[in-house]
Amino acid sequence: MEQTYAIEMLNITKRFPGIVANDNITLQLKKGEIHALLGENGAGKSTLMSVLFGLYRPEEGVIKKDGQVVEIKDPNDANALGIGMVHQHFKLVECFTVLDNIIMGVEPCKHGFLQKAEAREKVMALSEKYGLHVDPDALVEDITVGMQQRTEILKMLYRDNEILIFDEPTAVLTPQEIEELMQIMRNLAAEGKSILFISHKLNEIMAVADRCSVLRKGKYIGTVDIKDTTREELSRMMVGRDVEFVVHKEPARPGKTILEVEDMTVASKSHSNNAVKNVSFNVRAGEIVCIAGIDGNGQTELVYGLTGLEPLKGGKITLEGQDITRAPIRKRNTMGVSHIPEDRHKHGLVLDYTLEDNMVLQRYFEPEFVSKAGFLKRKAIRDYAERLIGQYDVRSGQGPVTIARSMSGGNQQKAIVAREIDKDPELLIAVQPTRGLDVGAIEYIHKQIVAQRDAGKGVLLVSLELDEVMALSDRILVMYEGEIVGELDPKTTTVEELGLYMAGAKREGA
């Protein structure tokens with residue numbers, strides 16, 4: 001008997017200027033399965049899912065649902081067919097409440113009046129059933145990234161979607177939130193919902209998926225059963241070569257102090273307590289110091305204070321002996337601070353600028369890029385951008401003139417990393433530098449960070465990925481509720497001990 005699939009995408013081709021994003025791809029999703037879609041940054045995964053969700057129209061190919069050919073012209077058609085999508089960059093209205101975001105577009109009305117009480121009951125029932133705990137009255141701009149994702153998932157469930165697309169759902173989550181999400185996905189699949197799960201993280205795919213389809217440079221490579229494959233085989237299918245999962249580095253040889261932080265205090269925007277409370281630490285030349293902690297324990301505000309995005313309420317910051325506590329952002333940059341930001345859209349890129357203009361955002365005023373008369377040297381900017389694009393394998397449809405917004409999240413991240421490291425900083429502040437990157441790109445970025453250390457630079461790494469923390473750092477500082485509660489040596493500590501410090505169950509001197 002012939003298998004009826006929940007969704008079939010047959011021979012899909014989608015082109016953009018200068019690039020074939022999907023080249024004759026076929027994908028088949030069984031009912032009640034979790035099907036992973038794996039591929040490098042820019043391999044065409046998000047494009048393929050956007051075709052299924054009606055955001056793009058393919059030039060060639062057909063889509064079938066339950067064996068019947070369907071036409072999906074826009075997301076309303078997709079929703080009508082029971083297809084929902086959680087996007088890599090959330091589609092939420094920040095000044096609306098969680099409840100308003102969930103019901104937007106399908107608001108229950110009676111005699112022209114909004115029936116919010118009824119909607120609230122349904123949302124809270126779904127929240128309880130699937131363990132997606134949210135505050136329906138909180139404004140989206142005030143909640144954590146993990147909470148925003150729960151809001152997106154509840155949006156799908158509220159619409160009774162049967163086909164659920166998760167586009168890089170764990171890229172912005174803490175390890176604890178990732179484990180929660182995995183369990184939610186298993187529960188949804190057990191109820192008969194069919195899930196398409198885009199991820200770069202091989203461990204997650206091995207843990208949660210039933211089958212995995214691999215794309216490479218817009219082409220379909222193959223589909224495998226997870227129980228019959230290995231992490232190494234998947235990575236080989238994805239990047240076309242063997243990938244090293246171990247970070248090779250010599251023991252650190254720390255030199256002079258690059259960054260000295262004394263009694264730093266930063267106010268919180270969301271409550272009356274301080275987000276960072278009397279924190280003191282240093283970073284020396286030739287070492288990688290990692291700030292570890294569960295998201296929301298003051299790491300973001302600490303970095304904002306160091307980079308000048310937020311003023312300090314108290315304390316002092318010294319860079320190579322110079323007091324920069326009140327220095328403006330540009331002064332900190334020109335003195336040798338580079339910053340790979342946590343939020344690439346808010347603080348990393350001007351999304352409607354070209355890639356080449358984004359590459360010189362902090363350097364356009366230097367003689368290399370501007371004439372004495374004040375005109376930008378366009379050829380110099382283009383040559384510089386092309387060098388970085390080649391060196392860091394930043395993939396884009398139109399090279400240096402590609403608009404940043406149109407690039408995949410992973411390639412946006414690579415562009416930022418290229419720009420910040422190429423400035424040859426004395427201090428590199430790297431916040432979640434490999435967020436949303438595939439294994440090949442992660443391997444490359446890790447090598448670049450270690451190379452900075454070995455060149456005698458100071459590196460302050462902020463990461464939620466415990467594997468990354470353990471592999472890259474020479475010293476680990478654990479933050480909990482705005483304070484540094486422990487300094488650990490990655491060579492002698494364990495992930496379990498690190499977890500206890502991160503959860504506040506253990507602290508130095510207690």
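Residues numbered from 1 in each chain as written. Predicted model: local features only at pLDDT ≥ 70, side-chain atom pairs only at ≥ 80, totals over all residues. Heavy atoms only, no water.

Draft legend 1. A look at the overall build of the protein chain. For the protein chain, the helix and strand inventory stands at 17 helices and 22 strands. On C-alpha atoms alone, the protein chain measures out to a radius of gyration of 24 Å, which is about the 24 Å that the 2.2 N^0.38 rule sets for 510 residues. Put simply, the protein chain has 510 residues, and 53% of those count as buried. At a minimum sequence separation of 6, the contacts of the protein chain that also span at least 24 residues come to 67%. Roughly 22300 Å² of accessible area belongs to the protein chain as shown, and the carbon and sulfur atoms make up 49% of that amount. Between the averaged position of the 63 positive side-chain charges in the protein chain and that of its 76 negative side-chain charges there is a distance of 4 Å. (Helix = DSSP H or I, 4+ residues; strand = E, 2+ residues; numbered from the N terminus. Rg over C-alpha atoms; globule rule 2.2 N^0.38 Å. Buried < 20%, exposed > 50% of the residue type's maximum accessible area, 1.4 Å probe, protein only. Contact = heavy atoms within 4.5 Å. Areas by Shrake-Rupley, 256 points an atom, 1.4 Å probe, with all protein chains shown as cover. Lys, Arg positive; Asp, Glu negative; His and termini not counted. Charge placed at Lys NZ, Arg CZ, Asp CG, Glu CD.)

Draft legend 2. Region of interest: the pairing of strand β10 (residues 194-198). For β10, a buried count of five out of five residues is recorded, marking the element as mostly surrounded by other parts of the structure. Here β10 shows a buried face lined by Ser194, Leu196 and Ile198 and a second buried face lined by Ile195 and Phe197. Pairing geometry for strand β3 (residues 34-39) and β10, over four bridges, is parallel. Along β10, the bridge assignment pairs Ala36 with Phe197. (Pairing = 2+ DSSP bridges.)

Draft legend 3. Spotlight on empty space enclosed by the protein. For the coordinates displayed, the defined rule picks out two cavities of 30 Å³ or more. Taken together, 14 residues form the lining of the largest cavity, with Gln299, Thr300, Glu342, Val431 and Val462 sitting closest to its centre. The biggest single contributor to the lining of the largest cavity is helix α9 (residues 299-307), with four residues. Among the residues making up the lining of the largest cavity, the classes are represented as six nonpolar, five polar and three charged. (1 Å grid on protein atoms, 1.4 Å probe; cavity = no way out; pocket = protein on both sides within 12 Å on 5 of 7 lines; lining within 4 Å. Points joined across faces, edges and corners; volume = space filled by probe spheres on them. Nonpolar A, V, L, I, M, F, W, Y, C, P; charged D, E, K, R; others polar.)

Draft legend 4. Quick look at the environment of Glu487. Positionally, Glu487 belongs in strand β22 (residues 483-488). With a relative accessible area of 41%, Glu487 lands in the partly exposed category. Expressed as a C-alpha distance, the spacing of Glu487 and Ile291, which sit 196 residues apart in the sequence, is 9.5 Å.

Draft legend 5. Quick peek at the sheet that holds strand β19 (residues 427-431). Taken in spatial order, the six strands make up an open sheet running β18-β19-β20-β15-β21-β22, and their pairing is mixed. Pairing within the sheet leaves two strands with one partner each, and these edge strands are β18 (337-340) and β22. Each neighbouring strand pair of the sheet contributes to a mean axis angle of 20 degrees, computed without reference to strand direction. Looking at chain direction, strand β15 (residues 287-292) and strand β20 (residues 458-462) are connected through five bridges and run parallel. The partner of Ile288 across the bridge, within β20, is Val459. Helix α15 (residues 439-454) rests against β15, β19 and β20 of the sheet, and its axis sits at about 125 degrees to β15. (Axes fitted to C-alpha atoms, helices over the stretch in contact; angles between N-to-C directions.)

Draft legend 6. Spotlight on a negative patch on the surface. Taken together, the side chains of Glu94, Glu141, Asp142 and Asp343 make up a negatively charged region of the molecular surface. Position of Asp343 relative to the elements: it lies in the loop between β18 and α11 (344-348). (Patch = residues over 30% accessible without salt bridge, like charges linked within 9 Å, V, L, I, M, F, W, Y side chains within 5 Å. Salt bridge = Lys/Arg side-chain N within 4 Å of Asp/Glu carboxyl O.)

Draft legend 7. Broad picture of the pairing of β19. For β19, the buried fraction is high: five of the five residues fall into the buried class. Of the two faces of β19, both are covered, the one formed by Leu427, Ile429 and Val431 as well as the one formed by Leu428 and Ala430. As paired strands, β18 and β19 are joined by four bridges and run parallel to one another. Counted as the bridge partner of Ile340 is Ala430 from β19. The parallel pair β19 and β20, bridged by α15, forms a crossover whose chirality is right-handed. (Right-handed = clockwise from strand over helix to strand, strands pointing away.)

Draft legend 8. Here's a closer look at the packing of aromatic side chains. Within this structure, the stated rule accounts for four aromatic pairs. Residues Phe16 and Tyr56 carry aromatic rings whose centres are separated by 5.1 Å and whose planes lie at 70 degrees to one another, so their mutual orientation is edge-to-face. Placement of the pair is Phe16 in strand β1 (residues 7-16) and Tyr56 in the loop between α1 (45-52) and β4 (60-65), with a sequence separation of 40 residues. Ring geometry for Tyr392 versus Tyr444: centroids 5.4 Å apart, planes at 90 degrees, classification edge-to-face. Here Tyr392 is found in the loop between α13 (378-391) and α14 (409-422), whereas its partner Tyr444 is found in helix α15, with 52 residues between them in sequence. Residue classification places Tyr444 among the partly exposed positions, given a relative accessible area of 27%. Residue placement shows Lys122 over the ring face of Tyr158; its charged tip is 4.6 Å from the ring centre. Lying across the ring of Phe365, Arg330 places its NZ or CZ 3.8 Å from the centre. (Phe/Tyr/Trp six-rings, centres within 6.5 Å; stacked < 30°, edge-to-face > 60°. Lys NZ or Arg CZ within 6 Å of the ring centre and 35° of its normal.)

Draft legend 9. Structural context of the pattern of salt bridges. With the rule as written, the count across this model stands at 42 salt bridges. With a shortest N-O distance of 3.0 Å, Arg211 and Glu33 are connected by a salt bridge. On the criterion of sequence distance, the pair formed by Arg211 in strand β11 (residues 211-216) and Glu33 in the loop between β2 (19-29) and β3 is long-range, its members being 178 residues apart. With respect to class, Arg211 is no different from Glu33; both count as buried. Of the charged contacts, one joins Asp422 and Arg363 as a salt bridge, the two residues approaching to 3.8 Å between their closest N and O atoms. On the criterion of sequence distance, the pair formed by Asp422 in helix α14 and Arg363 in the loop between α12 (355-359) and α13 is long-range, its members being 59 residues apart. Connected through salt bridges with shared partners, the residues Arg363, Glu366, Glu368, Arg387 and Asp422 form a single ionic network.

Draft legend 10. Representation of the nonpolar core in the model. Counting 48 residues, the largest nonpolar core has Phe166, Phe197, Ile205, Cys212 and Leu234 as its most contacted members. Sorting elements by how many residues they give to this core places helix α6 (residues 175-190) first, with seven residues. Ranked by size, the runner-up nonpolar core spans 43 residues in total, among them Val360, Tyr384, Ile389 and Leu466. (Core = buried A, V, L, I, M, F, W, Y, C linked by side-chain atoms within 4.5 Å.)

Draft legend 11. Representation of the side chain of Ser396. Residue position: Ser396 is located in the loop between α13 and α14. Look at Ser396 and you get buried, because its relative accessible area is 18%. A polar contact is formed between the side chain of Ser396 and the backbone oxygen of Gly399, at a distance of 3.4 Å. With residues up to four places along the chain from it excluded, the contact list for Ser396 reads Leu355, Thr402 and Met407. (Polar contact = N/O pair within 3.5 Å; in protein donor to acceptor, adjacent residues only side chain to side chain.)

Draft legend 12. Structural context of the packing of helix α4 (residues 116-130) against helix α5 (residues 145-158). Interhelical geometry of α4 versus α5 gives an angle of 110 degrees and a closest axis separation of 10 Å. Relative to α5, the element α4 is oriented roughly perpendicular. In this structure, α4 crosses over α5, and the sense of that crossing is right-handed. Here Ala119, Lys122, Val123, Leu126, Ser127 and Tyr130 of α4 lie close against α5, whose contacting residues are Leu154, Leu157 and Tyr158. Grouping the amino acids of the contact of α4 with α5 by side-chain chemistry returns seven nonpolar, one polar and one charged. (Parallel < 35°, antiparallel > 145°, perpendicular 65-115°, else oblique. Left-handed = near helix turned anticlockwise from the far one by under 90°.)

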